[in-house]
Amino acid sequence: MTFATYPSLKDSPILVTGGASGIGADIVRAFAEQGANVGFVDIQHDTGAALAKETGTIFEAVDITDVPAFRNAIKTLAGKLGAFRVLINNAANDFRQPIARIEADDWDKSQNINLRAQFIAAQAVHPGMAAAGGGSIINVSSVVWRLAGGDMVPYATAKAGVIGLTKSLADAFGPDNIRVNAIEPGAIFTPKQRALWYPTDKEVDELVSQQLLRTIMEGDEIARMALFLASDDARMITKQSFIVDGGLI
Ligand SMILES: NC(=O)c1ccc[n+]([C@@H]2O[C@H](COP(=O)([O-])OP(=O)(O)OC[C@H]3O[C@@H](n4cnc5c(N)ncnc54)[C@H](O)[C@@H]3O)[C@@H](O)[C@H]2O)c1
């Protein structure tokens with residue numbers, strides 16, 4: 001198969017959260033291959049540093065639930081790369097817990113990584129993006145909130161919140177020529193997902209057989225949607241959410 005090249009992304013400063021592994025790493029690779037100037041943050045220090053070296057991108061190790069540290073990391077990266085024209089809010093934590101065992105602190109932790117961090121990043125890049133003439137913010141949600149995630153209630157709730165955040169920010173930032181959209185991935189078989197939840201081919205096949213398109217999805221499927229939404233090709237698309245799930249739901 002052959003896929004698109006987007007000339008508008010060349011030399012463009014891009015910020016990716018949670019870029020060290022999983023879908024985020026595929027997003028970092030995809031934008032680097034387009035010639036974009038990619039900066040990314042992640043809590044995984046060594047994995048992030050190795051990916052930055054491999055891809056010629058710039059990495060800042062930070063826990064993005066630590067708001068002052070996260071703001072500092074964004075400032076540092078923008079200082080090196082220039083005002084961001086694209087933000088991809090990808091970092092998340094889909095920890096699972098039976099409802100009876102969820103404490104208030106567990107709830108807050110989930111909202112802080114899965115929802116609040118997306119707002120903090122958008123707020124931080126907004127002035128520079130507006131001054132540069134506009135840009136594209138892409139918030140990664142999930143189909144989980146449409147399906148109902150029984151043992152993932154805080155995560156599913158946050159991912160529904162991401163859609164509200166997307167629409168509200170699109171409204172607020174539109175006059176600055178900043179587009180804000182969401183992507184809702186289906187079942188993406190990252191190494192972590194496979195190790196934790198789908199350890200055998202049988203479990204993978206069972207899920208893939210529920211998709212209309214019976215191909216195992218990996219992070220590059222999401223990265224390609226992010227490339228399109230970030231590019232000038234999507235210049236009149238804002239306040240939308242795009243499901244990329246091979247027809248799962
Ligand atoms: N994998 C799937 O099937 C799937 C399905 C639907 C939606 N999604 C969404 O896609 C995105 C990426 O998914 P993934 O499977 O690659 O997730 P993942 O959990 O494997 O990776 C997320 C990244 O965020 C980083 N991260 C986590 N907590 C952090 C923190 N406090 N500070 C900084 N970095 C932190 C992790 O180190 C990791 O590199 C997430 O938003 C997820 O909710 C994934």
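Everything here concerns the structure above.
The sections below set out a description of the structure shown in this document. The written sequence of each chain sets the order in which its residues are numbered from 1. Local features in this predicted model are restricted to residues whose pLDDT is 70 or higher, and side-chain atom pairs enter the listing and the counts only when it is 80 or higher, whereas totals over whole chains, interfaces and linings include all residues. Hydrogens and waters are ignored; side-chain quantities use all the structure's heavy atoms.

Some details on unusual backbone geometry
Notably, Asn177 is not glycine yet its phi reads approximately 60 degrees, a positive angle. Its location among the elements puts Asn177 in the loop between helix H6 (153-173) and strand S6 (178-185). Note on exposure labels: buried denotes an accessible area under 20% of the residue type's maximum, exposed denotes more than 50%, and partly exposed covers the range between, all computed with a 1.4 Å probe on protein chains only. The exposure class of Asn177 is partly exposed, given its relative accessible area of 49%. At Lys239, a position not held by glycine, the phi torsion is positive, near 65 degrees. A run of DSSP states H or I qualifies as a helix once it reaches four residues; a run of E qualifies as a strand once it reaches two. Both are numbered from the N-terminal end.

What to know about helix H4 (residues 104-131)
Helices are assigned an expected span. That span is 1.5 Å times one less than the residue count. With 28 residues, H4 extends 39 Å from end C-alpha to end C-alpha; this agrees with the ideal 40 Å at 1.5 Å per step. Approximately 45 degrees is the largest bend angle found in H4, and it occurs at Asn112. Three or more residues of H4 are buried, namely Asp106, Ser110, Gln111, Ile113, Asn114, Ala117, Gln118, Ile120, Ala121, Ala122, Val125 and Met129. In this description, contact between two residues means that some pair of their heavy atoms is separated by no more than 4.5 Å. In this structure, the buried residues of H4 make contact with strand S1 (13-17), helix H3 (67-81), strand S4 (86-89), strand S5 (135-140), H6 and S6. A positive phi of about 110 degrees marks Gly133, the residue just after H4. Given a residue, its bend is the angle between the two axes fitted to the seven residues that end at it and to the seven that start from it.

Regarding the site of the ligand
Nearness is defined per residue: one heavy atom within 4 Å of the molecule or strand is enough. Around the ligand, a shell composed of 26 residues is seen, among which Ser21, Asp42, Asn90, Tyr155 and Lys192 lie nearest. In protein, a polar contact means a hydrogen-donor-capable atom and an acceptor-capable atom, both N or O and within 3.5 Å, with residues adjacent in sequence counting only if both atoms are side-chain atoms; elsewhere, any N or O pair within 3.5 Å suffices. The side chain of Tyr155 places a nitrogen or oxygen atom 2.5 Å from an oxygen atom of the ligand. In this description, accessible areas are obtained by the Shrake-Rupley approach with a 1.4 Å probe, and a residue is regarded as covered only by the protein chains that are shown. Protein chains shield 91% of the accessible area of the ligand, which is 820 Å² for the free molecule. Secondary-structure elements contributing two or more residues to the shell around the ligand are helix H1 (22-33), H6 and helix H7 (191-197). Class assignment for the residues of the shell around the ligand results in 12 nonpolar, 10 polar and 4 charged. Here the term charged refers only to Asp, Glu, Lys and Arg, the term nonpolar to Ala, Val, Leu, Ile, Met, Phe, Trp, Tyr, Cys and Pro, and the term polar to all other amino acids, Gly among them.

Function-wise, these values are silent; they only describe arrangement.
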